[in-house]
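# Understanding the architecture of this molecule
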Amino acid sequence: MRSNFVPKRIFIIIISLLCSFLYAFSQQGEAVDKVILKLRAELEKDITDKKSLKKISELLINSGDYNQTIRYALILDSVAQLTNDETAQMYSYIYLGQAMMMNGGERKSKYYIDKSLELAIKLSNDSALASVYNGLGLYASNVEMDYYRSINYFFQGIEAAKRSSHKRLYSILLCNISGIYYLKRDADGLKYALECYTLGH
């Protein structure tokens, strides 16, 4: 009986191409570092600047600096609560949830991801909702090891990304879906990996 499993070498090549694409699609590394330094300087002057707090949290988590993401996202959360700004609070929860998950704080991570989901639905913010579903999908796959539930979240994120025309998140979600299919030893994931790659060319 013929196996429907994508050979590991082929999958690794595809994922490598996707990672290169996503890195270039977001922002160049050196440029990001300069923006982060600029934002740090601005926040030294005004630590209550919610726009800068949101931006630096986003850049830091995309750069893999989870400790600093948590630091600035917590400040954003505090400022958002003081100013009754639910949108800013929603984003602080998104960054806290994903950064804590990557840092090994699963219980706190789930709390913040669930709170961000509540606010994203309440505020009808599809762009944020796409990010939240991506976080839920990652939590389901990495913490709960529930691949079926993970794929369901990722597909919900795909729909939210479509509604908000968020191309970067759409591509990330496609890549994550292809990765889960691979873990399930299901070749159907190849089409999502190829679609993601095609979007960058």
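All values derive from a computational prediction rather than experimental measurement.

How each quantity is defined
Residues numbered from 1 in each chain as written. Predicted model: local features only at pLDDT ≥ 70, side-chain atom pairs only at ≥ 80, totals over all residues. Heavy atoms only, no water. Salt bridge = Lys/Arg side-chain N within 4 Å of Asp/Glu carboxyl O. Helix = DSSP H or I, 4+ residues; strand = E, 2+ residues; numbered from the N terminus. Buried < 20%, exposed > 50% of the residue type's maximum accessible area, 1.4 Å probe, protein only. Polar contact = N/O pair within 3.5 Å; in protein donor to acceptor, adjacent residues only side chain to side chain. Contact = heavy atoms within 4.5 Å.

### Some details on the pattern of salt bridges
In the structure shown here, the tally under the stated rule is eight salt bridges. Here lysine 54 makes a salt bridge to glutamate 58, at a shortest N to O gap of 3.8 Å. With lysine 54 and glutamate 58 both in helix α3 (residues 50–63), this residue pair falls four residues apart, about one helical turn. In this structure lysine 54 comes out as partly exposed when scored by relative accessible area, which is 25%.

### Focus: the side chain of asparagine 125
Inspection of the secondary structure assignment puts asparagine 125 in the loop between α6 (106–122) and α7 (126–142). Classification of asparagine 125 by relative accessible area gives buried; the value is 18%. In this structure the side chain of asparagine 125 is engaged in a polar contact, spanning 2.9 Å, whose partner is the backbone nitrogen of alanine 128. Those residues within four positions of asparagine 125 in sequence are excluded, and the remaining contacts are Met90, Tyr91 and Ala120.

### Brief notes about the environment of isoleucine 151
In this fold, isoleucine 151 is placed in helix α8 (residues 147–164). Sequence spacing of isoleucine 151 and tyrosine 133 is 18 residues, and the spatial spacing of their C-alpha atoms is 10.0 Å. When sequence neighbours within four positions are dropped, the list of residues in contact with isoleucine 151 reads Ile180, Tyr181 and Lys184.

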